[in-house]
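The primary structure of each chain is shown beneath.
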Amino acid sequence: MMLVLSAYYRGDVEPVNRDHFDNYLADVHMPDVAKWPLLRGLRLMKNDGQAYLGETPQYYQCIELTYDNEDDLRASLASGERNTTKKLSTRDRASFKDIFNGEILHTIYKATQVPVPNPGDASMTRCAYYMGDVAPEKEAWLDNFSLNVHLPDVANWPRLKGLRHLKRTGSDFIGAKPQYYHVYELSFANQEAIDVSMPSEERKNTRRDAAKDRDPETGRFYGFHGEVHHTNYTIINFPVAGE
């Protein structure tokens, strides 16, 4: 089971500054992160800022780093290569001060792939972020429901090319407690495929079947206390030294 370290940029960048910010991330920061040892995967996920299904996205972008296990992750974060990246970021921080308006939140997850009937390459992902916590007596139920009931049903949605469950490990990141309980990641070939899948009968059936497992007052799955955010992203993969 792989581990994923996610960095969520919850906020926005003014349109006049986006090219400057995006080019630095893509051309300088991400290629430098790709040099970190023991890294198995690295991707930048970009949102276009447009509302979808009536929901305005709260995330400008997300960066995901994938490792084989937590020992590798910790060793990578303690490496000389990461220290070099931190020095580079510190040097360049002045030119980006106040450009990103928001907060950067980190969570470490265990990643579980859920089989889909027609897997394939994906250029976009739709993420459902469960930002909050679960009552201790409901945690085992929600984990089992997600992996063995709900997501296998989601796997039947049309045009889906990949499906992943990210469950927090509970580990701190640089002293910060994780603010997300879990994430559902649905991967598609393109935006048109998302547009076909979201209004599909299969999705309507999933929502209908899951209604009995939701608190009628909050609309959330029983035991979960918090917010659920949805965001569509374009995926940009970066080659890493460990590949």
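Here is what the cut-offs are and how they apply
Residues numbered from 1 in each chain as written. Predicted model: local features only at pLDDT ≥ 70, side-chain atom pairs only at ≥ 80, totals over all residues. Heavy atoms only, no water. 1 Å grid on protein atoms, 1.4 Å probe; cavity = no way out; pocket = protein on both sides within 12 Å on 5 of 7 lines; lining within 4 Å. Points joined across faces, edges and corners; volume = space filled by probe spheres on them. Nonpolar A, V, L, I, M, F, W, Y, C, P; charged D, E, K, R; others polar. Helix = DSSP H or I, 4+ residues; strand = E, 2+ residues; numbered from the N terminus. Buried < 20%, exposed > 50% of the residue type's maximum accessible area, 1.4 Å probe, protein only. Contact = heavy atoms within 4.5 Å. Core = buried A, V, L, I, M, F, W, Y, C linked by side-chain atoms within 4.5 Å. Arc of directions from axis to C-beta. Polar contact = N/O pair within 3.5 Å; in protein donor to acceptor, adjacent residues only side chain to side chain. Phe/Tyr/Trp six-rings, centres within 6.5 Å; stacked < 30°, edge-to-face > 60°. Lys NZ or Arg CZ within 6 Å of the ring centre and 35° of its normal.

1. Details of empty space enclosed by the protein
For step 1, the next point in the chain: Tallied over the full model, the rule gives one cavity of 30 Å³ or more.
For step 2, the next point in the chain: If you go around the largest cavity, the residues you meet are Asn47, Gln50, Tyr52, Glu55, Pro57, Arg126, His230, Thr231 and Asn232.
For step 3, the next point in the chain: Per-class residue counts for the lining of the largest cavity are two nonpolar, five polar and two charged.

2. A look at the environment of His150
For step 1, the next point in the chain: Counting through the fold element by element, His150 comes out in helix α4 (residues 136–154).
For step 2, the next point in the chain: Look at His150 and you get buried, because its relative accessible area is 10%.
For step 3, the next point in the chain: With 74 residues separating them in the primary sequence, His150 and Phe224 have C-alpha atoms 15 Å apart.
For step 4, the next point in the chain: The residues touching His150, leaving out its near neighbours within four places in the chain, are Phe145, Tyr184, Thr206, Ala210 and Phe221.

3. Comments concerning the nonpolar core
For step 1, the next point in the chain: Formed by 29 residues in total, the largest nonpolar core has its most connected members in Leu5, Phe21, Met30, Leu39, Leu42, Ile63 and Leu65.
For step 2, the next point in the chain: Taken together, the elements giving at least two residues each to this core come down to β1 (2–13), α1 (18–33), β2 (41–46), β3 (59–67), α2 (70–77), α3 (80–96) and β4 (100–113).
For step 3, the next point in the chain: For Ile63, the residues in contact, after removing those within four places along its chain, are Leu5, Ser6, Ala7, Tyr9, Leu25, His29, Met30, Leu42, Arg43 and Leu44.
For step 4, the next point in the chain: Core analysis: the next-biggest nonpolar cluster, separate from the first, contains 26 residues, Tyr130, Leu186, Phe221 and Phe224 among them.

4. Regarding α2
For step 1, the next point in the chain: Buried within α2 we find Asp72, Leu73, Ser76 and Leu77. Across the axial projection of α2, the buried residues extend over an arc of 130 degrees, all falling on one side.
For step 2, the next point in the chain: Contacts made by the buried residues of α2 are with β1, β3, α3 and β4.
For step 3, the next point in the chain: For α2, the side-chain oxygen to backbone nitrogen distance between the N-cap and Asp71 is 3.2 Å, and the N-cap itself is Asn69.

5. A closer look at the side chain of Ser146
For step 1, the next point in the chain: The residue Ser146 is located in helix α4 in this model.
For step 2, the next point in the chain: In this structure Ser146 comes out as buried when scored by relative accessible area, which is 0%.
For step 3, the next point in the chain: Among the polar contacts listed, one links the side chain of Ser146 to the side chain of Tyr184, at a separation of 2.7 Å.
For step 4, the next point in the chain: Once residues lying within four places of it in the same chain are set aside, the contact partners of Ser146 are Leu151, Pro152, His165, His182 and Tyr184.

6. Here we look at the packing of aromatic side chains
For step 1, the next point in the chain: Counted under the stated rule, the structure contains 14 aromatic pairs.
For step 2, the next point in the chain: Measuring from ring centre to ring centre gives 5.9 Å for Tyr8 and Tyr59, while their planes differ by 65 degrees; the resulting arrangement is edge-to-face. Pair noted here: Tyr8 is in strand β1 and Tyr59 is in strand β3, with a separation of 51 residues, a long-range link.
For step 3, the next point in the chain: Summarising the aromatic geometry, the rings of Phe21 and Phe100 are spaced 6.4 Å apart at their centres and angled 20 degrees between planes, so their arrangement reads as stacked. You can see Phe21 sitting in helix α1 and its partner Phe100 sitting in strand β4, a full 79 residues away along the chain.
For step 4, the next point in the chain: According to the relative accessible area criterion, Phe100 is buried, its value standing at 16%.
For step 5, the next point in the chain: Each member of the aromatic cluster is reached from another via a ring pair, and the members are Tyr130, Trp141, Phe145, Tyr184, Phe221 and Phe224.
For step 6, the next point in the chain: Here the basic side chain of Lys138 rests over the ring of Trp141, its NZ or CZ set 5.1 Å away from the ring centre.
For step 7, the next point in the chain: Positioned above the aromatic ring of Phe221, the side-chain terminus of Arg214 is 4.2 Å from the ring centre.

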